[in-house]
Amino acid sequence: MTTTNGVKEVIPPQLDNLLKLDSYLEPFQGEIKRRYNVFKSILKQLETEENGINTFTSAYTHYGIHVDCRTNEIRIKEWAPGARAMYIRGDFNNWQERQYPFTRDQWGIWKLTIPPLSDGTPAIKHGQIIKLLIETPDGKLEDRLCPWSRYVQRGEKANTYHGVFYNPPEDQIYKFKHPQPKKKERLKIYEAHVGISSWKGEVATYENFRVNVLPRVVRQGYNTIQLMAVMEHAYYASFGYQVTSFFAASSRFGTPEELKALIDEAHSLGLTVLLDLVHSHGCKNTYDGINMFDGTNGCFFHDGPRGYHDLWDSRCFNYMEREVMRFLLSNIRYWLEEFKFDGFRFDGVSSMLYHSHGIGHSFSSYNEYFGLATDTESFNYLQLANYVSQTLYPESITIAEEVSGMPTLCRPIAEGGAGFDYRLAMAIPDVWIKLLKEKQDEEWQVGDISWTLINRRWSEKNIAYAESHDQALVGDKTIAHWLFDTQIYSHMSVFSERTPSIERGLALHKMIRLLTYALGGEGWLNFEGNEFGHPEWLDFPRAGNNDSYHYARRLFYLSDDETLRYKYLNAWDQAMNACEEQYKWLSATNTFLSRRHEGDKVLVFERGNQGLLFIFNFHTNKSFADYRIGCNRCGKYKVVLNSDSKSFDGLGRISDKQVFLTEDEKWDERPFSFKIYTPCRTVLVLALSGDVN
């Protein structure tokens, strides 16, 4: 701690380590210190004024609508500083408007206690419809949903949601049976949406996912599930990113207890379960959202232009408002504690970090990260969010959806960072789509491709992916769609003609995914269905498609059909995960690119245990015999993964049983080498099977 102009300055205790990792941050250490000071001052305020972060983030246990289990009284607490009056009504009182008025304190906190009925039972029964009635500043009475609602449902023949009092009897409350997994070092993430996880044209359920999808995820070799669209959202086609009820698990898919059962089952299978958390913005809905909850334009959000995200047509949170902070940080605690989620993928972090929401920024200079363009209130909120997760739940994991490359985002808070474990490598899918869309295969530059894959901040971990849900959405194309084009519908039978398009598509689909997986980050992500080249795009029911569910589904049975080529892509995906599990390249720090030959279109690199060696030949028609490959260790190398194997619908030009013996000949800056046959459009992965003295 130092003193500047009489003011005590708290220096991040591990700042020196950060500056050693990136000396370019030294001119900006003043700003890094300032952000850290703000973070520490907020923690100190919460300690002295709110009895600490533990108490502060437990607000979900007493804000909202609760039953006092000792007396069966209904106790309600809400924050609505702009409201003139507040009432509750519903099925329980025949929707009388002013029967139950709240009282307000000086902070805008409204409270109400409803005594039990004459028989001693709570006045509001489990499952009854309820709404808050707000008298706005202009004297109007407006129905609102409780922002802390744990269960909301769409009304019959209506587009809006109503609150449902959720207080199930003790024997209906799910009891967790299995311990949560420890924090994993090498994440292999299966990104999934519960509602589309069925071949049927309907909204699938938590129970369907538990019974039918979890075993599939385990068989494929993934160790983590990332669940999208769990936080309640009135508009299904928003993909879950226009959240209306932050504490409610989406009722489309079932009950909160069924979601708990899903997560517990996943834990029993050794899977980590992450929640797609949307704190970057909120839906503009007023009737069934939290927008204008108290009748003003502010409340949970910034008033004025700062409170609106024009591109997303949504509202932006006022993170430094104490009650907003309480609401959001308690929301993090709620999902971790009540549902046993193991962490979060934070949506829209780039949008949060900049006043412009990152729109129109090139992010070519450190000044853009540490200047006035940055919304440091959001940065401080993210520090607090990670602090809550890491302090109260040390095994939890946080991932930032962030494309700008903000330095320190994935460094510890003690260094002055935001504290995330990972960021998504969002630039990678764009490169693949650009190549497939705009370039002929002969024009691909293996040097440029490899540079994109390794161009990430040193010591800030990335989750690599070749494509995610974004590319699956209608209006875009998945990699499989770009590769196979219309023949994905006509020539995927093993009995169909093996056309040049099919040949190319099978080869490149395998190569693109493995190259991204092996070189692009410290974790891997796949969106459900992409593992086997799902042939349909994703389009949720909406007015533009006559509310059809036809494309809001995943046709898993295609990969199980022995007569379809999808089974080979599925097998390749499984083999990639098995190979990583054995050789652990995601956590390896020994990556060395020894060859990037543009003429040959050959890319060679080492990464992982046992001298793991990757050899990619992207040439469209040239195969190379006696092609010399450099390596760092001498010995015998065996084939551990071969995209040309018949088991992956390859041409079988290389034997999986072949062994390569190194020679004492330096090559490509490596001390040893050997010769191989590398067919066009193949990848071969070799591992050391024995040392040679």
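Residues numbered from 1 in each chain as written. Predicted model: local features only at pLDDT ≥ 70, side-chain atom pairs only at ≥ 80, totals over all residues. Heavy atoms only, no water.

Caption draft 1: View of the nonpolar core. By size, the foremost hydrophobic cluster in this structure holds 173 residues, and its most contacted members are Ile-88 and Trp-335. If one sorts the elements of this core by residue count, helix α15 (residues 500-519) sits on top with 10 residues. (Core = buried A, V, L, I, M, F, W, Y, C linked by side-chain atoms within 4.5 Å. Buried < 20%, exposed > 50% of the residue type's maximum accessible area, 1.4 Å probe, protein only. Helix = DSSP H or I, 4+ residues; strand = E, 2+ residues; numbered from the N terminus.)

Caption draft 2: Looking closely at the sheet that holds strand β13 (residues 224-228). Strand order in the closed barrel made by the 8 strands is β12-β13-β16-β19-β20-β21-β22-β23, with parallel pairing throughout. If you compare each strand with its neighbour and ignore which way they point, the axes differ by 30 degrees on average. Bridge analysis of strand β19 (residues 343-346) against strand β20 (residues 397-400) gives 4 bridges, and the strand direction is parallel. Pairing of Gly-343 across the sheet is with Ile-397, part of β20. (Pairing = 2+ DSSP bridges. Axes fitted to C-alpha atoms, helices over the stretch in contact; angles between N-to-C directions.)

Caption draft 3: Seen up close, the packing of aromatic side chains. Under the defined criterion, the tally for this structure stands at 53 aromatic pairs. Here Tyr-190 and Tyr-222 contribute two aromatic rings whose centre-to-centre distance is 5.2 Å and whose plane-to-plane angle is 65 degrees, an arrangement assigned as edge-to-face. Taken as a pair, Tyr-190 in strand β12 (residues 188-193) and Tyr-222 in the loop between α4 (206-220) and β13 lie far apart in primary sequence, 32 residues in all. There is no split in this pair, since Tyr-190 and Tyr-222 are both buried. (Phe/Tyr/Trp six-rings, centres within 6.5 Å; stacked < 30°, edge-to-face > 60°.)

Caption draft 4: Looking closely at the packing of α15 against helix α17 (residues 566-583). Taken N-terminus to C-terminus, the directions of α15 and α17 make an angle of 25 degrees; their axes are 11 Å apart at the nearest point. Judged on the interaxial angle alone, α17 and α15 are roughly parallel. Judged by the twist between their axes, the crossing of α15 over α17 is right-handed. Residue-level contacts link Leu-506, His-509, Lys-510, Arg-513, Leu-514 and Tyr-517 of α15 to Leu-569, Trp-572, Asp-573, Met-576, Asn-577 and Glu-580 of α17. Taken together, the residues that form the contact of α15 with α17 break down as 6 nonpolar, 2 polar and 4 charged. (Parallel < 35°, antiparallel > 145°, perpendicular 65-115°, else oblique. Left-handed = near helix turned anticlockwise from the far one by under 90°. Contact = heavy atoms within 4.5 Å. Nonpolar A, V, L, I, M, F, W, Y, C, P; charged D, E, K, R; others polar.)

Caption draft 5: Main features of the pairing of strand β30 (residues 672-678). When you tally the buried positions in β30, you get 5 out of 7 residues, the bulk of the element. Where strand β27 (residues 624-631) meets β30, 6 bridges bridge the pair, whose relative direction is antiparallel. Residue pairing for β30: Arg-628 is matched across the bridge by Lys-675.

Caption draft 6: Focus on the pairing of strand β16 (residues 272-277). The buried fraction of β16 is high, at 6 of 6 residues. Two elements, β13 and β16, share 4 bridges in a ladder whose sense is parallel. Along β16, the bridge assignment pairs Gln-226 with Leu-274.

Caption draft 7: Just the pattern of salt bridges, in detail. Per the counting criterion, the structure on display carries 50 salt bridges. Among the salt bridges present, the one from Asp-539 reaches Arg-542, with a minimum N-O distance of 2.8 Å. On the accessibility criterion, Arg-542 (28% relative accessible area) is partly exposed. Salt bridges sharing partners connect three or more residues here, namely Asp-22, Glu-402, Arg-423, Arg-457 and Glu-460. (Salt bridge = Lys/Arg side-chain N within 4 Å of Asp/Glu carboxyl O.)

Caption draft 8: The sheet that holds strand β4 (residues 74-79), seen in detail. Judged by pairing direction, the sheet is antiparallel, and its 4 strands sit side by side in the order β3-β4-β7-β6 without closing on themselves. A single partner strand is all that each edge strand has here, and the edge strands are β3 (64-67) and β6 (103-104). Pairing of β4 with strand β7 (residues 109-114), which is carried by 6 bridges, proceeds in the antiparallel orientation. Counterpart to Arg-75 in the pairing with β7 is Thr-113.

Caption draft 9: Up close: helix α9 (residues 376-392). The first and last C-alpha atoms of α9 sit 24 Å apart over 17 residues, in line with the 24 Å expected at 1.5 Å per residue. Most of α9 sits out of view: 12 of its 17 residues are buried. Every buried residue of α9 is accounted for by Thr-376, Ser-378, Phe-379, Asn-380, Tyr-381, Leu-382, Gln-383, Leu-384, Ala-385, Asn-386, Val-388 and Ser-389. Measuring from the side-chain oxygen of the N-cap residue of α9 to the backbone nitrogen of Glu-377 gives 3.3 Å; that N-cap residue is Asp-375. (Expected span 1.5 Å × (residues − 1). Polar contact = N/O pair within 3.5 Å; in protein donor to acceptor, adjacent residues only side chain to side chain.)

Caption draft 10: Layout of the environment of Trp-444. Structurally, Trp-444 can be placed in the loop between α10 (427-438) and α11 (446-454). Overall, Trp-444 belongs to the buried group, its relative accessible area being 3%. Trp-444 sits 175 residues away from His-619 along the chain, and the two C-alpha atoms are 9.2 Å apart. When sequence neighbours within four positions are dropped, the list of residues in contact with Trp-444 reads Trp-432, Leu-435, Leu-436, Lys-439, Ile-449, Leu-508, Ile-512, Glu-598, Lys-601 and Phe-618.

Caption draft 11: Focus on the environment of Gly-195. Mapping Gly-195 onto the fold places it in the loop between β12 and α4. Taking the relative accessible area as the measure of exposure, Gly-195 reaches 0% and is therefore buried. Along the chain, Gly-195 and Thr-205 lie 10 residues apart, while their C-alpha atoms are 6.2 Å from each other. When near neighbours in sequence (up to four residues on either side) are disregarded, Gly-195 contacts Glu-202, Val-203, Ala-204, Tyr-236, Phe-253 and Ala-552.

Caption draft 12: Here's a closer look at helix α5 (residues 256-268). Taking 1.5 Å per residue, 13 residues should reach 18 Å; α5 reaches 18 Å between its end C-alpha atoms and fits that length. Burial of α5 is extensive: 10 of the 13 residues sit out of reach of the surface. Those residues of α5 lying buried are Pro-256, Glu-257, Leu-259, Lys-260, Ala-261, Leu-262, Ile-263, Asp-264, Ala-266 and His-267. Gly-270 sits one or two positions beyond α5 and adopts a positive phi of about 85 degrees.

Caption draft 13: Representation of unusual backbone geometry. Positioned with a positive phi, Thr-408 is a non-glycine residue whose angle comes to about 80 degrees. Its place among the elements puts Thr-408 in the loop between β20 and β21 (422-424). Within the chain, Asp-649 stands out as a residue other than glycine whose phi angle is a positive 65 degrees. By the secondary structure assignment, Asp-649 is in the loop between β28 (636-642) and β29 (659-661).

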